[in-house]
Structure formats: structure tokens, C-alpha cells
Amino acid sequence: MTKVIKGGTVLTADRQWKADVLIEGETIKQIGENLKGDEVIDAEGAYVIPGGIDPHTHLEMPFMGTTAAETFESGTWAAATGGTTMLVDFCLPGEDGSIKNAINEWHRKSAPQICSDIGYHMAITGWNETIFTEMKDAVDMGVNSFKHFMAYKGALMVEDDEMFASFKRCRELGALPMVHAENGDLVADMQADMLAKGITGPEGHAYSRPPEFEGEAANRAITIADAAGTPLYIVHVSCEQAHEAIRRARQKGMRVYGEPLIQFLTLDESEYFNKDWDHAARRVMSPPFRSKDHQDSLWAGLQAGSLQVVATDHAAFTTEQKRMGVDDFTKIPNGSNGIEERLAVLWTKGVETGRLTPEEFVAVTSTNVAKILNIYPKKGALVEGADADIVVWDPKLSKTISPTTHHSVLDYNVFEGWEVTAQARHTLSRGEVIWSWGKNSQPQPGRGRFVPRPAFSSAAKALSQWKELTAPKQVKRDPMNIPAGI
Ligand code: URP
Ligand code: ZN
Ligand code: ZN
Ligand code: ZN
């Protein structure tokens, strides 16, 4: 059984050209002119792009005394309707602290529900022998990246020595360390200050997490990665200070990657001063939204290549859950939505305005993610043999974002009322059409698969080379080989 996507313009991270795409089973068989297949999918007037990969989500995550409301089913379905065919979700260790058990728990929850493919990152929230040992198990189980929280003091935060130990372990294993860069000690202090001053509303959230705290933590994490000889991926980059640290590190030859969120690119700090408490609280996330200057810095970073991917950090809490913090902003569950809107909002605010080329759009929503997370070209590419995760992207299909029509379980949407000018006409996951505009029929939950992400293979070799050589800075700095060019 073959399918052919006909009449579209194939758009990749490099170029665009008129061509048909032939799919056999789950993979791409051929890209060329006048191809024939058993079934025809219409792409006339549209781009044909690799399915979006969201590198940062939190589905059903237990967090801040509650659990994120978006399920693996609703999350992967909402993503598919917006042109995203793969998510990489964050596993958090449970009460027993075991990484291995956490991954198995994530499999137990996600496997029967997922409508499209998924991968995991693992959070490192402490340091001991078991974690050291189990990091290898995690890599063997296909989880090759570890997130370290430099904030959420008293809950998830790790200390510098713990990060250093974990980063060195990442180097041994060929895994990618990630950080949530905010100085958690200073945030905790500022939060207490705000509450003591009687500032209990969402604006206190913004005041207690200034960009300087993020920049300091980003610089510190970069120093630790440099000393450990690992690359580094900084999640949810929101401000110029963190971006500047990344630019500087890259200029020195380090492989440091920065992930702005679609929310940070398009929503600003004035949201926290909205007189409607619910409106403001629904947008409380960490780091917080910043001013327009910071947004400009992030757009510039995507243009210049100093920032490489656009994520959502989709952590969906309902209005009722947000109201846990009605008397105290520190109790508002942190997180905001975007899993369905990422591509459409980025196209509308980025490509339509001339800030990004269509090719850059594909790079930052899919191809760069696949490369950095070591699943390229199985994912993130339109080439023969790749998974047929493909979106027929219609640049003339507009809609107004609304919680009454979105596919998330949330009762609101941070992009509510926004007009977007482009949408997914069809979304294919491994050759199966899982979304068609105007049809709205959800695919079978559980059809999605876990995608193991292998360790970076050249790490061990490069490491021994590093041990033998006396000095060369570049070799010391960069023992792990993440595909070049991003
Ligand atoms: O506010 C946020 N970002 N919530 C999700 C957890 C995290 O820090 O990524
Ligand atoms: Zn975080
Ligand atoms: Zn501390
Ligand atoms: Zn997150």
C-alpha cells in the first residue's frame, strides 16, 4: 500500500522545490516528479514539510502539588492537529528516586495513549550512587539527555557539585546534559521578599525571577559543562542574558544549544499585570515572559543561529489548578500551553513577518531538534528511508485560536483570540494520516511509539583522545560529537 503526496512544494531546512513524495508503509520511498501511489494526498498550493518535533513537553507530570492536566492522549492528538508528529517529554523520578523506575512509569502511562511518536528526557533532581548507575540504564533504554533544575529550591533543584558530577557522567555515557537555568537560591529569596511586602499576585512571579538570575545560571551551567567536557542544551531560554552567554560559549567553540519557546517569542511580561487574576495566573511559568527587547534578542538568535530550536515547554494546568495560588503566587503551578499552536504561531509571527525564512522555520521546529537529540534523519528529514512523519502545511489556511476549538484539555489558551495564517492541512505519522483539516477524527490512542535516542557514538573515542592529549582547548572542550552545522 503506497501513498503519494501530490502537487506540493517540498520544504526542508535547506531548500524548497516542486515534487511529490511517495510513501511505502511507514517510510519515505521516493521524492520526485509525477509519482504514483495507491492513495493520493492533495498538497496543491501547500508546502510539504517534515513533521514538527517539540523537544520539551510535560504531559501528566506531577508538579507543585498537582498533576499537569494534558494527558499523553490529548497532548499527542493536539500536537498532531498543529503539525507536530513527535514530542520529547520530561520524565521525573518518583518517590523512590529511581530513574529506571521513572522511565518505566512513563512508558506505562504513555504507551496506551500516544497518538504519535514520543521520546523522553530524564530529570536529575539529586545525586547518589544509584543515580550514577541508573544513568547508564537510562541511556540503554533510549534516553540520552538529562535535565538539571537550577531552580525550584527545596523540590527539584540540584547544587553545582551535583551538576558537575552528573555532567561528567553524561560525558562518559555520550549523553546530553540540559539545564533549567535560573538561580534558585536567589529566586527563593526574592519570592519571600515579595510576599513579605504583600505582593501575592502573579506580578510577584515576574518580579522574583529577573533575567539576570537566568543569565547568571546559564553562565554557571556553561562553565560546568566546559569543565566537564560536555555539550550543553539550555531549555526555555527567555532573555538576552542567557542568549548572550550561549553566543559567547559558541564563539569559544563550545557546543551549547539554546531553546526559546514560542510563548517567549510572542508573549510579554505585561500579561502578569493584567487585572484579571486568572488571565495572569494562566501565564505563570518559569522563567516568566519578558519584555519586547528580550523577544527581539530571541528572534535575532534564531536568525543568526545562536539559538537553534523552538519548543513549547507545554505544561498545562487548568484555571482551577492555577487557583491553588490565589493567595500566594509561589503556589500557582508553573506552566503554559503551546503544543498545538507552536508551528502556526511561529509561521504567522516569524515567517509572515519576514523574521524567518520558510527553511529556517523547518530547521527550528524539526530538523535541528532531530539532529541535537540524535534521531536524525529517521526524524526531522524528508529523505528516502526516513519515517514518513510529514505535514502538508497550508500557508493560506487561517483560523482564530480558541479554547472552544483547540484539542487540548485546557479550559483556556494563552494564544486565545489570535489569528494565525497557516495550518496543517494533513499530518502523517509514519505514513498514517492522523489529522486532516475539516475532518477532526482522532487516530487510535496507543498507535504512537517510543523512539529510543542512542548515545552520541563518538563520545568514548573522543574521551580517550582527550585523556591522552595534554592541552588542545578545542578537543578538551568538545569531546562529544553532535552533528555539526547547527
Ligand atoms: O514553568 C515551567 N516551565 N513549568 C514546567 C517545568 C519546567 O521548569 O520546565
Ligand atoms: Zn524548566
Ligand atoms: Zn544552593
Ligand atoms: Zn519544562
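As a reminder, the structure under discussion sits directly above these lines.
First, a word on scope: everything that follows refers to the structure included in this document. (Residues numbered from 1 in each chain as written. Chains lettered and ligands numbered in written order. Predicted model: local features only at pLDDT ≥ 70, side-chain atom pairs only at ≥ 80, totals over all residues. Heavy atoms only, no water.)

Protein coordination of the zinc ion (ligand 2) is provided by Lys147 (NZ), His180 (ND1) and His236 (NE2), with donor distances spanning 2.1 to 2.4 Å. One chain supplies every donor to the zinc ion (ligand 2), and in sequence these donors are spaced K-x32-H-x55-H. Between the zinc ion (ligand 2) and the zinc ion (ligand 4), a spacing of 3.9 Å is present. Of the two residues, Lys147 sits in strand 13 (residues 145-149) while His180 sits in strand 14 (residues 176-180), which places them 33 residues apart along the sequence. (Donors = N, O, S within 2.8 Å, 3.2 Å for Na, K, Ca; no water. Helix = DSSP H or I, 4+ residues; strand = E, 2+ residues; numbered from the N terminus.)

Now for the sheet that holds strand 12 (residues 117-124). Here we have seven strands laid out as an open sheet, ordered 8-11-12-13-14-15-16, and parallel in their pairing. Single-partner strands in this sheet number two, and they are strand 8 (52-57) and strand 16 (256-260). In this sheet, adjacent strand axes meet at a mean angle of 25° when their direction is disregarded. Here strand 12 pairs with strand 13 via three bridges, running parallel. Counterpart to Ile124 in the pairing with strand 13 is His148. Sheet strands in contact with helix 2 (residues 99-110) are strand 11 (84-91) and strand 12, and its direction is about 150° off that of strand 12. Relative to strand 14, helix 4 (residues 160-173) is tilted by about 150°, and along the sheet it contacts strand 12, strand 13, strand 14 and strand 15 (232-237). (Pairing = 2+ DSSP bridges. Axes fitted to C-alpha atoms, helices over the stretch in contact; angles between N-to-C directions. Contact = heavy atoms within 4.5 Å.)

Computed from the structure, the largest pocket encloses a volume of approximately 320 Å³. Take the lining of the largest pocket: its biggest share by element is four residues, from helix 5 (residues 184-196). When the residues that make up the lining of the largest pocket are grouped by side-chain class, the tally is nine nonpolar, five polar and two charged. Looking at the second largest pocket, its volume works out to about 270 Å³. When residues of the lining of the second largest pocket are traced back to their parent elements, those giving at least two are strand 9 (62-63) and helix 2. Top element by residues in the lining of the second largest pocket is helix 2. It accounts for five residues. Of the residues assigned to the lining of the second largest pocket, the class counts are eight nonpolar, three polar and four charged. (1 Å grid on protein atoms, 1.4 Å probe; cavity = no way out; pocket = protein on both sides within 12 Å on 5 of 7 lines; lining within 4 Å. Points joined across faces, edges and corners; volume = space filled by probe spheres on them. Nonpolar A, V, L, I, M, F, W, Y, C, P; charged D, E, K, R; others polar.)

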